[in-house]
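What follows is the residue order along each chain.
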Amino acid sequence: MHRAHTAFSLALSPMAHKNFATWLLNSSSSQKLVKATAAAAVRTYNSAAAEPFANGSTATYVEEMYNSWLRDPSSVHTSWDAYFRSNTYVSPPNLAPVQANTMPLSAFNFGSAVGAAPDSKTIDDHLAVQAIIRSYQIRGHNVAHLDPLEINTPDLPGNTSTKSIYANFSFGEQDMERQFKLPSTTFIGGDEASLPLKEILNRLENVYCNKIGVEFMFINSLEQCNWIRKRFETPGVLSFTPEEKRLILARLTRATGFEAFLAKKYSSEKRFGLEGCEIMIPALKEIIDVSTELGVESVIMGMPHRGRLNTLANVCRKPLNQIFTQFAGLEAADDGSGDVKYHLGTYIERLNRVTNKNIRLAVVANPSHLEAVDPVVQGKTRAEQFYRGDQEGKKVMSILIHGDAAFCGQGVVYETMHLSDLPDYTTHGTIHVVANNQIGFTTDPRFSRSSPYCTDVARVVNAPIFHVNADDPEAVMHVCKVAAEWRATFHKDCVIDLVGYRRNGHNEIDEPMFTQPLMYQKIRKHKNCLDLYADKLIAEGTVTAEEVKSVAAKYENICEEAFALAKTETHVKYKDWLDSPWSGFFEGKDPLKVAPTGVKEETLIHIGNRFSSPPPNAAEFVIHKGLMRVLAARKAMVDDKMADWALGEAMAFGSLLKEGIHVRLSGQDVERGTFSHRHHVLHHQLVDKATYNSLQHMYPDQAPYSVSNSSLSEYAVLGFEHGYSMTNPNALVLWEAQFGDFSNTAQSIIDQFIASGQSKWVRQSGLVMLLPHGMEGMGPEHSSCRVERFLQMSSDDPDYFPPESDEFAIRQLHDINWIVANCTTPANYYHILRRQIAMPFRKPLILCTPKSLLRHPEAKSPFSEMSEGSEFLRIIPDRGPAGENPSSVKKVVFCTGRVYYDLTKTRADKQLEKDIAIVRVEQVSPFPFDLVKEQANLYKNAELVWTQEEHKNQGCWSYVQPRFLTALNHSRDVSYVGRACSASTATGSKAQHIRELNALLNDAIST
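Residues numbered from 1 in each chain as written. Predicted model: local features only at pLDDT ≥ 70, side-chain atom pairs only at ≥ 80, totals over all residues. Heavy atoms only, no water.

## Here we look at the overall build of the protein chain
Now for step 1: Each helix and strand in the protein chain was counted, giving 33 helices and 28 strands.
Now for step 2: Across the 1007 residues of the protein chain, 59% fall into the buried class.
Now for step 3: In the protein chain, of all internal contacts separated by at least 6 residues, the share reaching a separation of at least 24 is 81%.
Now for step 4: Here the protein chain has roughly 40900 Å² of accessible surface; of this, 51% comes from carbon and sulfur atoms. (Helix = DSSP H or I, 4+ residues; strand = E, 2+ residues; numbered from the N terminus. Buried < 20%, exposed > 50% of the residue type's maximum accessible area, 1.4 Å probe, protein only. Contact = heavy atoms within 4.5 Å. Areas by Shrake-Rupley, 256 points an atom, 1.4 Å probe, with all protein chains shown as cover.)

Following this line, the structure appears as structure tokens:
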């Protein structure tokens, strides 16, 4: 590549032409240099020679070589060719076998006499032609006719005319008919090895500067670049049969007709139509058709609101009457708050009529946070691939549709792109389709991005980018076919940039002329894509005008029939729009019964022994000495039938794996754990990438266990794991933040999907968020997971005490949107993880997890608290002297989390165990009204306080205060003890931290 680059650089400079050639021919080893330079530039080899020069040793052999050379100079080795041309001895270029992508000089059609060396102009002209070809491949997209409105062009040098691509080369009209040998880096010749310069330029213009602009030369793979060149440069690739053209027309008619029908029937409704980029619907159908033909059985799509209804109707074939019913404003027949029609998803299984194969299509529900759905789709796709055993992504694929402004403006696009090649996150290639309106709401592209194209973010992962004029349906179909084949061949991302326009404003009742008057004057005069394509097909005789009208009328009749049917509906059904159905999961289950979470003690011991053992071939597997001590400490705990936090977690994972439940733990540094406590993956100290994970080898028939260090991303990775958790309810999917403080980087996923997903979209998820939390003097960004935010979004009513019954706890879990807990013992952590699977439904679990408690000597649990008969404790009462004699207790301190251990130590130091009871609230939401009432009644004469280590305006206080009053029927007050209000979560001063902690402990532990 260096030699080729040098040759091209020289060729690109007009001043270099004469000097370069003269230097070559005057060099003392000119023949060798000519061969080397020409071969480096052409980079191909088509000689049939069998022996290099240095191997010939007899006169007879030399004579045979000479006779072969006279018949065909290309039939002998390059060294013989050079020898016979010069008739002087030249040392062989290389004794090694001839490399691929090299070429003898004889292969050039120089037109010179046999035995004569090429002159300097011939050499330079051939190099220049190759440089021109490369220049078209690199820069052709800059001058391609991509904009249907012909008003926007990328702000790049030299994009005013295609002649600018070869303006620096000294070719005149007299050179246009000269024949030039075509290098192996182009396929414009088809079966022809050489072409006239005029034809070379014409073909390059047609390929790279017409209605398609291809960006691919930044890809660092010659194989992939050649693959793309072949798909676009081969003559005739854009030829379509009359049947194919009629299919494109029919699909485009349906896409256009759907928008026109909605505009006619619901003129004052927002629907975020696709007018101006209707070709996206046939484009998606083409991608799906080609992918289905290549073996794909399931396609998962994510998209913004623009064009969603059209996609549901004409790509997924969702019944039209269900779509029209969404416009009617009917009451819902099922629970939930619902969502606007252009946010809803769906799931369809249908026959693909083109390929005659069954296909599953899912459109994932999405909020108005335009690109937030990207990682969710990728996680769902990865999960489907996992459960199908589709390790190469041949059966399940994802398609992401983007708007131009959002694709370049939203950081989650970049975060999601960077998951594309990570082993535990790849979906083996995503096709990105950009519906490029050339405007974002009211913002001109010149003010919404710094890059020439909205798609430039894709270059970071070497994804080819296919820009195409959305008013040329055949060009669009070809690009889509290539994209689907690329994904099937290389299993890597690619981008289709459909450059269109937006005929209306941001929505149908918006006025775009306020801010884009010139653009919309053009749009008002511009024919739509369907009319342009119909005129083209009529002109070429493929269809008649009557046929065009007939296809449009037929689809309008279909819409009218569905519209009439929709009028008979009395309710909308949210379940009709579910994007991830769990077939068979809810059937036959008691919705208010939780399976036991305790297991046999023998199971705990077996898991503990495996978890504390080195790999079976420990003699060869060198483990770090520090980890040998960790394993020994674990083994000692197992022998004592005690568990710390890491062991309790392993017990939960291992017992679920034994029961056939897939466990996936993901996040930053989760394999080791941020605080070096987990160590699920042991690394060989002498062999790179040699690892051992004991939880993957607990039982011969166990479910798979995956623990994955993620990229340094919260937004995309949490979204990914949420999508993963949606796919199958029989899996425990966990995401752990490096510190709980960093989870707010993923706030959109938390707010729009996890907290409200079931209410909006009837979609459950059992995702677990592990958020390290605790005020330990580590500063404001390493202290708080902002538990108050999660509690604020909890949907239970602070003023409503549910009816008490045996099913109180499970009813609360059933009715709430998620669970928020702050466990203080490994046993409770173990039970709450297992409860996620034991419940007959799924709810997200937000867990404040410890830091210092990971190694706290008192934060351990006996196996008896995890074995059969044990369960999760929503509240842990005082088990000391105060609990044994409640009537003499003067104060009851309610708390949650690690502050409990500070409180017990202070109480012991002050010898107030009999006077002060400490009650731990382990499950904060849904609030344990019944148990709080029970504890308060137990200590009738005591003062009740809530103590927390967080500041007063943070932590749990704002959530628990009104619920305490409800639980106590407003008969007793609960006072607050803790830090004062603060804008920051914690102080950065260690001294101030200790001072604040001592103050709250002294206030709490006093009578």
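After that view of the structure, there is still more to cover.
## Describing the pattern of salt bridges
Now for step 1: Using the criterion set out here, one finds 41 salt bridges in the structure.
Now for step 2: Here K265 makes a salt bridge to E560, at a shortest N to O gap of 3.4 Å. Within this pair, whereas K265 is found in helix α9 (residues 242–265), its partner E560 is found in helix α19 (residues 545–566), the two being separated by 295 residues in sequence.
Now for step 3: A residue is classified by how much of its surface remains accessible, and E560, at 28% relative accessible area, is partly exposed.
Now for step 4: One connected set of salt bridges, linked through shared partners, spans K121, D125, D175 and R178. (Salt bridge = Lys/Arg side-chain N within 4 Å of Asp/Glu carboxyl O.)

## A closer look at the sheet that holds strand β9 (residues 430–436)
Now for step 1: Spatial strand order, β3-β10-β11-β9-β8-β4-β7-β6: eight strands in an open sheet with mixed pairing. Two strands in the sheet have a free side with no partner beyond their single neighbour: β3 (212–215) and β6 (346–352). Going from strand to strand, the sheet's axes swing by 20 degrees on average, the running direction of each strand aside.
Now for step 2: Across five bridges, the pairing between strand β4 (residues 298–302) and strand β8 (residues 396–403) is parallel. (Pairing = 2+ DSSP bridges. Axes fitted to C-alpha atoms, helices over the stretch in contact; angles between N-to-C directions.)

## A closer look at the packing of helix α22 (residues 645–658) against helix α28 (residues 826–838)
Now for step 1: One can describe the packing of α22 onto α28 by two numbers: an axis separation of 8 Å at closest approach and a directional angle of 25 degrees. It follows that α22 is roughly parallel to α28 by the angle criterion. Judged by the twist between their axes, the crossing of α22 over α28 is right-handed. Across from W645, G648, E649, M651, A652, F653, S655 and L656 in α22, the residues of α28 making contact are P826, Y829, Y830, L833, R834 and I837. (Parallel < 35°, antiparallel > 145°, perpendicular 65-115°, else oblique. Left-handed = near helix turned anticlockwise from the far one by under 90°.)

## Concerning unusual backbone geometry
Now for step 1: Between S925 and P926 the backbone carries a cis peptide bond, its omega angle lying at 0 degrees.
Now for step 2: When you line up the elements, P926 lands in the loop between β26 (923–925) and α31 (929–938).
Now for step 3: Residues other than glycine seldom take positive phi values, yet N462 does so here, at roughly 55 degrees.
Now for step 4: Tracing the sequence through the fold places N462 in the loop between β9 and β10 (465–469).

## So, the packing of aromatic side chains
Now for step 1: Tallied over the entire structure, the rule returns 32 aromatic pairs.
Now for step 2: Ring geometry for F675 versus F739: centroids 5.2 Å apart, planes at 85 degrees, classification edge-to-face. In this pair, F675 is assigned in the loop between β14 (662–667) and β15 (682–683) and F739 in the loop between β18 (731–736) and α24 (747–754), connecting sequence segments 64 residues apart. The burial state of F675 is the same as that of F739; both residues are buried.
Now for step 3: One aromatic cluster is present, formed by F801, F808, F894, F927, F929, W946, Y959 and F964 through successive ring pairs.
Now for step 4: Between R664 and the ring centre of Y724, over which it is positioned, the NZ or CZ distance is 4.7 Å.
Now for step 5: One cation-aromatic arrangement involves R963 over Y959; the distance from NZ or CZ to the ring centre is 3.6 Å. (Phe/Tyr/Trp six-rings, centres within 6.5 Å; stacked < 30°, edge-to-face > 60°. Lys NZ or Arg CZ within 6 Å of the ring centre and 35° of its normal.)

## A short note on the confidence of the model for the protein chain
Now for step 1: Taken over all residues, the pLDDT of the protein chain has a mean of 87, while the share at 70 or more is 88%.
Now for step 2: A low-confidence stretch, residues 1–57 stays under pLDDT 50, and its non-local contacts, those more than four residues away or across chains, total 113 contacts.
Now for step 3: Scored below 50 in pLDDT, residues 88–115 makes 61 contacts in the model with residues more than four places away or belonging to other chains. (pLDDT = per-residue confidence, 0-100.)

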